[in-house]
Amino acid sequence: MKRLHLHVAVDDMDTSVRFYSTLFGAEPTVLKADYAKWMLDDPRVNFAVSDRAGAPGLDHLGIQVDTADELKDLAGRLKAAGEATRDQEAATCCYARSDKAWVQDPSGLSWETFHSFGDSPVYGEDERPQAEPKPTCCGPASATGRPAASCC
């Protein structure tokens, strides 16, 4: 069984925990000074917030699986589709131990596919791939201020 994962970077943990606890009608499953996680069944989502990222907003998306075989299948599909993945074994992140395969979507958004198999007393860090820089338009702007049509 799979569960959608959303990780949001926040600038005020206490306020964010109160807000999301009210929104979900549930207290966090994991609550630390710098991290909180709700394992919801309706909707089936692993929703996490932390104040460890640079700017507030969506940090990454993911798909959490229940078994190592499900992760192998999911990561295998990404590789078969020609996507470059960044695989991690026994990674420590978000107070958990997990095997992971990271990939970026065509717009550069990080997706984490993972199977967690234990807790960790420390937050840890991920080693996810870096987004490729997008080409910029270097042509002159039109009178409307928009890039020239030949550029974009």
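Residues numbered from 1 in each chain as written. Predicted model: local features only at pLDDT ≥ 70, side-chain atom pairs only at ≥ 80, totals over all residues. Heavy atoms only, no water.

**Student:** Mind showing me how you'd approach the side chain of S50 here?
**Tutor:** Counting through the fold element by element, S50 comes out in strand β4 (residues 44-50). Among the polar contacts made by the side chain of S50, one reaches the side chain of H7 at a distance of 2.9 Å. In contact with S50, other than residues within four places in its own chain, are H7, V8, A9, V10, M13, D34, Y35 and Y123. (Helix = DSSP H or I, 4+ residues; strand = E, 2+ residues; numbered from the N terminus. Polar contact = N/O pair within 3.5 Å; in protein donor to acceptor, adjacent residues only side chain to side chain. Contact = heavy atoms within 4.5 Å.)

**Student:** What exactly am I supposed to notice about the pairing of β4 here?
**Tutor:** Looking along a regular strand, one sees side chains alternate from face to face of the sheet. Counting buried residues in β4 gives 6 out of 7 residues, a clear majority hidden from the surface. Sheet topology note: the strand β1 (residues 2-9)/β4 ladder contains 6 bridges and is parallel. What sits directly across from L4, in β4, is V45. Pairing analysis gives 7 bridges linking strand β3 (residues 35-41) to β4, with the strands arranged antiparallel. Residue pairing across strands places L40 opposite V45, the latter belonging to β4. If you look at the hairpin formed by β3 and β4, you'll find 2 residues sitting between the two strands. (Buried < 20%, exposed > 50% of the residue type's maximum accessible area, 1.4 Å probe, protein only. Pairing = 2+ DSSP bridges.)

**Student:** Explain unusual backbone geometry here, please?
**Tutor:** Most of the time, phi is negative for any residue but glycine, and the peptide bond is trans. Following D42, the chain continues to P43 via a peptide bond in cis, the omega torsion being 0°. For A90, which is not a glycine, the phi torsion comes out positive at approximately 50°. With respect to the helices and strands, the residue A90 is situated in strand β6 (residues 86-93). Under the relative-accessibility criterion, A90 is labelled partly exposed at 32%.

**Student:** What is the right way to look at the sheet that holds strand β2 (residues 30-31) in this model?
**Tutor:** Spatially, 8 strands are ordered β2-β3-β4-β1-β5-β8-β7-β6 in an open sheet, and the strand pairing comes out mixed. Both outer strands of the open sheet, β2 and β6, are each paired with one neighbouring strand and no more. Strands in contact with helix α1 (residues 13-24) are β2, β3 and β4; relative to β3, the strand with the most contacts, it is inclined by about 5°. Contacting β1, β5 (57-65), β6, β7 (96-104) and β8 (110-119), helix α2 (residues 68-80) runs over the sheet at an angle of about 165° to β8. (Axes fitted to C-alpha atoms, helices over the stretch in contact; angles between N-to-C directions.)

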